[in-house]
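Architecture at a glance
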Amino acid sequence: MLAVLGIGEDTTGHTEKLVSGFGALLGILGVYWISGWYLGPTATAMMVASMGATAVLLFAVPHGALSQPWPLLGGHLLSAFVGVSCQMLLPESPLTPAIAVGLSIAIMHYLRCIHPPGGATALTAVIGGDAIHSLGFGYLLNPVLLNLIGILLVALLFNNLFAWRRYPAVLARRPVDSAVPPRDRHSSMLTHEDLAAAMEKINSYVDVTSEELAELFDLAVEHAAQAHQDADPLVIGAYYSNGQLGAQWAVRQILDGPERMELERERLVFKNVAGAGSYTTGVSTIREFKEWARFTVEFNGERWVRS
C-alpha cells in the first residue's frame, strides 16, 4: 500500500528538514519584499504561488536536477513566454489554459529545463486577469525575471552556508574517504556511462543527474566495504537483511527456533517484515537462513539500517 501511494524512505535528518524550511522562508521573504517594493501589491500576490513551488525545489531538493539554475530560469521564462503567446493568440478560448501548460511542458522537455512551477507561471499568464494580460511580454521581465533573480540569489547565499548543500549541484564535492581502498570503490563493473544509459532506458524523467547517481553508487560501495557483513550468531527476535537490491530485497525477523542455533539442520520460524514477501511467514533450516541472511538490521524510525 505504501508503494502504491508513493511513500518512500526518509533519509534526511532533522537538521536538514529544518534548514530546508528556514531557507524556503528566507527565499519567499526575498521574493515578497522585492515584488512589493518594485511591482506593488498586485504582482506580489500573483507571484507568491509560483515562487512558493520553486522554493520547495531550491531549498528542500537543492541538488535535484529540477532545481538547478537553468531549469529554474529557463523553465519559468519559457513557460511565461508560452503562456503570454497563447493568451494573445487565443484570448477567449476555454482551451487556452490547458494548451499553455501542455506546450510549456513539451518545450521544457526539449530544452532540458523542466521545472514544475513553470507550469503555474504559464497558467498565471492566461488566467491572471486584466492586470496580467495588460503586461504582455513584459510579464517575462516584471515580475517573472525579477522574482527569479531574487529567489536564486537567496538560494545561492543560503545553501552555500552548509557544506552538504552546495548550490548549484556542480559545486557539491564529496571528499574522498582515504580509509576505503580504491580497488573497493571501483570493484563493480558498473561505470558512469552504464548509469546514464540505465536512466535513459527508463524513458521517464528522473529528478537526479547521472553524476549524482554515480556518487550515490560510490557511497554505497564504500558503505559495503566498511560494514561488517557476518550475520552470526542468529538470535530469536532479531532482524536480518538479505542485502539484495530492488524487488529482491527483504528483511526477516526470527520468530522462533532452538535456544542455541548451532545445529544447521534444525529449523526456525521467520516472518518477512519488509520488502519481498512482506507480512508472510516461513520455516527454514538454520543453514538455509544463514545462507539467505547477510547482516543484521534495525529500524531507526525512518528506514532499515545495519545494526
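All of the points below concern the structure found in this document.

**Some details on the sheet that holds strand 1 (residues 239-241)**
Taken in spatial order, the six strands make up an open sheet running 4-3-2-1-5-6, and their pairing is antiparallel. Taken across any chain shown, the strands that pair with only one partner, and hence form the sheet edges, are strand 4 (281-285) and strand 6 (304-306). With direction set aside, neighbouring strand axes in the sheet form an average angle of 45 degrees. Note that strand 5 (residues 295-299) and strand 6 share three bridges and pair antiparallel.

**Considerations on the nonpolar core**
Among the nonpolar cores identified, the biggest contains 21 residues, and Leu58, Phe59, Tyr139 and Ile151 are the most heavily contacted of them. Contributions of two or more residues to this core are made by helix 2 (14-38), helix 3 (41-60), helix 4 (69-89) and helix 8 (141-159). With seven residues, the single largest contributor to this core is helix 8. Apart from residues no more than four positions distant in its own chain, Ile151 is found in contact with Gly27, Val31, Met51, Thr54, Ala55, Leu58 and Phe59. Within the second largest apolar cluster, eleven residues are counted, among which are Ala250, Met261, Phe270 and Ile286.

**Remarks on the environment of Leu263**
Tracing the sequence through the fold places Leu263 in the loop between strand 2 (250-256) and strand 3 (267-275). Assessed through its relative accessible area of 53%, Leu263 is described here as exposed. Between the alpha carbons of Leu263 and Arg287 there is a distance of 8.3 Å; along the sequence they are 24 residues apart.

**A short note on the pattern of salt bridges**
Across all of its chains, the model carries two salt bridges by this definition. In this structure, Glu16 engages Arg165 in a salt bridge whose closest nitrogen and oxygen atoms are separated by 2.5 Å. Note that Glu16 is positioned in helix 2 and Arg165 in the loop between helix 8 and helix 9 (182-185), a separation of 149 residues in sequence. A single burial state applies to Glu16 and to Arg165, both of which are buried. Ionic pairing is found between Glu291 and Arg287, a salt bridge with its closest N-O pair at 3.4 Å. Of this pair, Glu291 and Arg287 both sit in helix 12 (residues 286-292), four residues apart, roughly one helical turn.

**Observations concerning the pairing of strand 4**
For strand 3 and strand 4, the ladder comprises five bridges, and the chain directions are antiparallel. Across the sheet, residue Phe270 finds its bridge partner in strand 4, namely Gly282. Connecting strand 3 to the next strand, strand 4, in antiparallel fashion are five residues, including Gly277 with a positive phi near 70 degrees.

**A look at the environment of Leu73**
Locating Leu73 in the fold gives a position in helix 4. A relative accessible area of 26% places Leu73 in the partly exposed class. For Leu73, the contacting residues outside a window of four places in its chain are Leu148 and Leu152.

**Focus on helix 8**
Look at helix 8: 25 Å from first C-alpha to last across 19 residues, which is about the 27 Å you get at 1.5 Å a residue. Three or more residues of helix 8 are buried, namely Pro143, Val144, Asn147, Leu148, Gly150, Ile151, Leu152, Val154, Ala155, Phe158 and Asn159.

**Some points on the side chain of Arg165**
Judged by relative accessible area, which is 1%, Arg165 ranks as buried. Polar contacts involving the side chain of Arg165 include one to the side chain of Ser20, which spans 3.3 Å. The contacts of Arg165, once residues within four sequence positions are left out, are Glu16, Val19, Ser20, Leu58, Phe59, Pro62, His63 and Asn159.

**Brief notes about the side chain of Ser67**
Secondary-structure assignment places Ser67 in the loop between helix 3 and helix 4. Here the side chain of Ser67 touches Val61 through a polar contact of 2.7 Å, landing on its backbone oxygen. Ignoring any residue separated from it by four or fewer positions in sequence, one finds Ser67 in contact with Leu57, Leu58, Val61, Pro62 and Tyr167.

**Let's talk about unusual backbone geometry**
Residue Pro143 is reached from Asn142 by a cis peptide bond, and omega for that bond is 20 degrees. If you trace the backbone, Pro143 turns up in helix 8. For the bond from Tyr167 to Pro168, the omega torsion is 0 degrees, close enough to zero to count as cis. Relative to the elements of secondary structure, Pro168 occurs in the loop between helix 8 and helix 9. Phi is positive for Arg112, which is not a glycine, with a value near 60 degrees. Tracing the sequence through the fold places Arg112 in the loop between helix 5 (96-110) and helix 6 (117-127). Here Tyr279, not a glycine, exhibits a phi torsion of approximately 70 degrees, which is positive. Mapped onto the secondary structure, Tyr279 falls in the loop between strand 3 and strand 4. Residue Tyr279 is classed as exposed on the basis of its relative accessible area of 66%.

Here is what the cut-offs are and how they apply
- Counting starts from 1 at the beginning of each chain's written sequence and moves along it residue by residue.
- Whole-chain, interface and lining totals are the exception, using all residues; otherwise, since this is a predicted model, local features are given only for residues with pLDDT of at least 70 and side-chain atom pairs are given and counted only at 80 or more.
- Side-chain figures throughout are based on the complete set of non-hydrogen atoms in the structure, without hydrogens or water.
- DSSP calls a pair of strands paired once it identifies at least 2 bridges connecting them.
- Think of it this way: any DSSP run of H or I at least four residues long counts as a helix, any run of E at least two long counts as a strand, and we number them from the N terminus.
- Axis lines are fitted to C-alpha atoms, over the contacting stretch for helices. Their N-to-C directions set the angle, which ranges from 0 to 180 degrees.
- The set of buried Ala, Val, Leu, Ile, Met, Phe, Trp, Tyr and Cys residues whose side-chain atoms join them within 4.5 Å is what this entry labels a nonpolar core.
- Categorising residues by exposure relies on relative accessible area from a 1.4 Å probe, with only protein chains included: less than 20% of the type maximum marks a residue as buried, more than 50% marks it as exposed, and the intermediate range marks it as partly exposed.
- Should any heavy atoms of two residues lie within 4.5 Å, those residues are counted as being in contact.
- Salt bridges, as used here, are contacts in which a Lys or Arg side-chain nitrogen is within 4 Å of a carboxyl oxygen on Asp or Glu.
- A helix is expected to reach a length of 1.5 Å times the quantity of its residues less one.
- As used in this structure description, the phrase polar contact means that two N or O atoms lie within 3.5 Å; if the pair is within protein, one of them must be able to donate a hydrogen and the other to accept it, and residues adjacent in sequence are counted only when both atoms belong to side chains.

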